[in-house]
Each structure stands twice: as C-alpha cells, then as structure tokens.
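Residue strings, one per chain:
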Amino acid sequence: MATPKRKTSHARTSQRKAKWLGALSSPVTKSCPKCGEVTLAHHACPSCGYYRGRQVVKMKTEEAAE
C-alpha cells in the first residue's frame, strides 16, 4: 500500500474539513397540505400519514375514531 511521505498538517486537514462541512445543508422541509404540519420532503406526514394526496400510513388516532 502507498504511504504518505509527510504528515498532513493541521492547516491542510482543517481546510479539507471546512470545505466538506461548509457544503452540508439542513434537510429540506415543507408543510403538509392536509394538516399544515412541517414534514421532510419526499416523506409521509408524521401527524396525518398522508403523502402526495393519499393516506399511506394509518395513524392510531384515526384507528380509534373508526
């Protein structure tokens, strides 16, 4: 295996980490059109269970009402 000839300096390590950590962003959120709760994009709503206008997850509060 190839091994480095010199130790990587703290400055070089910090520059590399800063580029990687600077590129990270927070997850994309949106509001649910059914209930208005804030949800992650491309995920079912955790409060009502709807995704793209259809109910994909049956919630416990709705099961008790039925």
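Student: Before we move on, can you summarise unusual backbone geometry with the specific residues and values?
Tutor: Positive phi, normally seen in glycine, also occurs at His 42, with a value near 65°. Turning to its location among the elements, His 42 is positioned in the loop between strand E2 (38-40) and strand E3 (50-51). Of the residues examined, His 42 reaches a relative accessible area of 67% and is grouped as exposed. You will see that Arg 52, though not glycine, has its phi angle at about 55°, which is positive. Along the chain, Arg 52 falls in the loop between E3 and strand E4 (54-55). For Arg 52, a relative accessible area of 73% puts it in the exposed group.

Student: Break down the layout of surface pockets for me, with residues and values.
Tutor: In this approach a probe as big as a water molecule rolls over the atoms, and the regions it shows empty are the leftover space. When its volume is computed, the largest pocket comes out at roughly 150 Å³. Per-class residue counts for the lining of the largest pocket are six nonpolar, three polar and three charged.

Student: Could you give me a rundown of the packing of aromatic side chains, with the residues and numbers involved?
Tutor: Under the definition given, this model contains zero aromatic pairs. Sitting over the ring of Tyr 50, Lys 34 keeps its end group 4.7 Å from the ring centre.

Student: Could you give me a rundown of helix H1 (residues 10-23), with the residues and numbers involved?
Tutor: A rise of 1.5 Å per residue sets the reference length of H1, with its 14 residues, at 20 Å; its end C-alpha atoms lie 20 Å apart and thus fit the reference within 8%. With respect to burial, H1 is a largely exposed element, only zero of its 14 residues being buried.

Calculation notes
Residues numbered from 1 in each chain as written. Predicted model: local features only at pLDDT ≥ 70, side-chain atom pairs only at ≥ 80, totals over all residues. Heavy atoms only, no water. Helix = DSSP H or I, 4+ residues; strand = E, 2+ residues; numbered from the N terminus. Buried < 20%, exposed > 50% of the residue type's maximum accessible area, 1.4 Å probe, protein only. 1 Å grid on protein atoms, 1.4 Å probe; cavity = no way out; pocket = protein on both sides within 12 Å on 5 of 7 lines; lining within 4 Å. Points joined across faces, edges and corners; volume = space filled by probe spheres on them. Nonpolar A, V, L, I, M, F, W, Y, C, P; charged D, E, K, R; others polar. Phe/Tyr/Trp six-rings, centres within 6.5 Å; stacked < 30°, edge-to-face > 60°. Lys NZ or Arg CZ within 6 Å of the ring centre and 35° of its normal. Expected span 1.5 Å × (residues − 1).

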